[in-house]
Amino acid sequence: MTTLKSRLRDDLTAAMKARDELRSATLRMALTAVTNEEVAGKSARELSDDEVQKVLAREAKKRREASEAFADAGRGEQAEREQAEHDVLADYLPKQLTDAELDALVAEAVAEAKAGGAEGPKAMGAVMKIVNPKVAGRAEGGRVATAVKKHLAG
């Protein structure tokens, strides 16, 4: 079993013993998502820590988007619950890049792409290929794409 998955299970056990309903429900949901990912496809397999982290990032994104949707609909209680679940999942994800850190990585990637001959808005794909491995789960794809567009336009 991967270390991240075993950490999730250990934390679930601790949350259940502490009778922390929010944390135990969130960790159960996360472990279910990991298990579903493991059995998806033609054959079952054990996920690596990176793959478990991607599943957790996807679940955290769902919670954040649901929280925003509930808040926009005037359903504050559900929005708070979704945000709290997001916060629990965020403990298991790498620290997110600040806007300044992301801008620095994108500027570096744009310069590298320009050195390779890619210019203007058509260089988007080349820049994304360079910057995505450097970001690796520390920033959402939409944020990265927006920063790249901004740098290529300006």
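Just so it is clear, the model here is predicted, and its values are computed rather than measured.

Quick word on the packing of helix α1 (residues 3-17) against helix α3 (residues 49-72)
Okay, step 1: One way to put it is that α1 packs onto α3 with a least axis distance of 7 Å and a crossing angle of 55°. Considering their axes alone, α1 and α3 lie oblique with respect to each other. Contacts between α1 and α3 involve Thr3, Leu4, Lys5 and Leu8 from the first element and Asp49, Val52, Gln53 and Leu56 from the second.
Okay, step 2: Each residue belonging to the contact of α1 with α3 can be placed in one class, and the counts come to 4 nonpolar, 2 polar and 2 charged.

Topic: α3
At 3.6 residues per turn, the α-helix brings residues three or four places apart onto the same side.
Okay, step 1: The first and last C-alpha atoms of α3 sit 35 Å apart over 24 residues, in line with the 34 Å expected at 1.5 Å per residue.
Okay, step 2: Of all the positions in α3, only Val52, Val55, Leu56, Glu59, Ala60, Arg63 and Ser67 are classed as buried.
Okay, step 3: Where α3 is buried, its residues contact α1, α2 (21-39) and α4 (76-90).
Okay, step 4: Trailing α3 by a residue or two, Gly74 shows a phi angle of about 80°, which is positive.

Observations regarding the nonpolar core
Okay, step 1: Leu102, Val127, Val131, Val135, Val144 and Val148 are the most contacted members of the largest nonpolar core, which has 20 residues in total.
Okay, step 2: Membership of the second largest hydrophobic core comes to 18 residues, among which are Leu27, Ala30, Leu56 and Ala60.

Digging into the packing of helix α5 (residues 99-115) against helix α6 (residues 124-135)
Okay, step 1: Remark: α5 packs on α6, axes separated minimally by 9 Å, with the N-to-C direction vectors making an angle of 140°. As far as their axial angle goes, α6 and α5 are oblique. For the pair α5 and α6, the crossing hand works out as right-handed. Two secondary-structure elements touch here, α5 through Leu102, Leu105, Val106, Glu108, Ala109, Val110, Glu112 and Ala113 and α6 through Val127, Ile130, Val131, Lys134 and Val135.
Okay, step 2: Among the residues making up the contact of α5 with α6, the classes are represented as 10 nonpolar, no polar and 3 charged.

Observations regarding unusual backbone geometry
Okay, step 1: Residue Arg19 is not a glycine yet carries a positive backbone phi of 55°.
Okay, step 2: The residue Arg19 is located in the loop between α1 and α2 in this model.

Let's talk about the environment of Lys61
Okay, step 1: Assignment of secondary structure puts Lys61 in helix α3.
Okay, step 2: Of the residues examined, Lys61 reaches a relative accessible area of 35% and is grouped as partly exposed.
Okay, step 3: Note: C-alpha distance between Lys61 and Thr3 (58 residues apart in sequence) is 22 Å.

Reading the values: rules and limits
Residues numbered from 1 in each chain as written. Predicted model: local features only at pLDDT ≥ 70, side-chain atom pairs only at ≥ 80, totals over all residues. Heavy atoms only, no water. Axes fitted to C-alpha atoms, helices over the stretch in contact; angles between N-to-C directions. Helix = DSSP H or I, 4+ residues; strand = E, 2+ residues; numbered from the N terminus. Parallel < 35°, antiparallel > 145°, perpendicular 65-115°, else oblique. Contact = heavy atoms within 4.5 Å. Nonpolar A, V, L, I, M, F, W, Y, C, P; charged D, E, K, R; others polar. Expected span 1.5 Å × (residues − 1). Buried < 20%, exposed > 50% of the residue type's maximum accessible area, 1.4 Å probe, protein only. Core = buried A, V, L, I, M, F, W, Y, C linked by side-chain atoms within 4.5 Å. Left-handed = near helix turned anticlockwise from the far one by under 90°.

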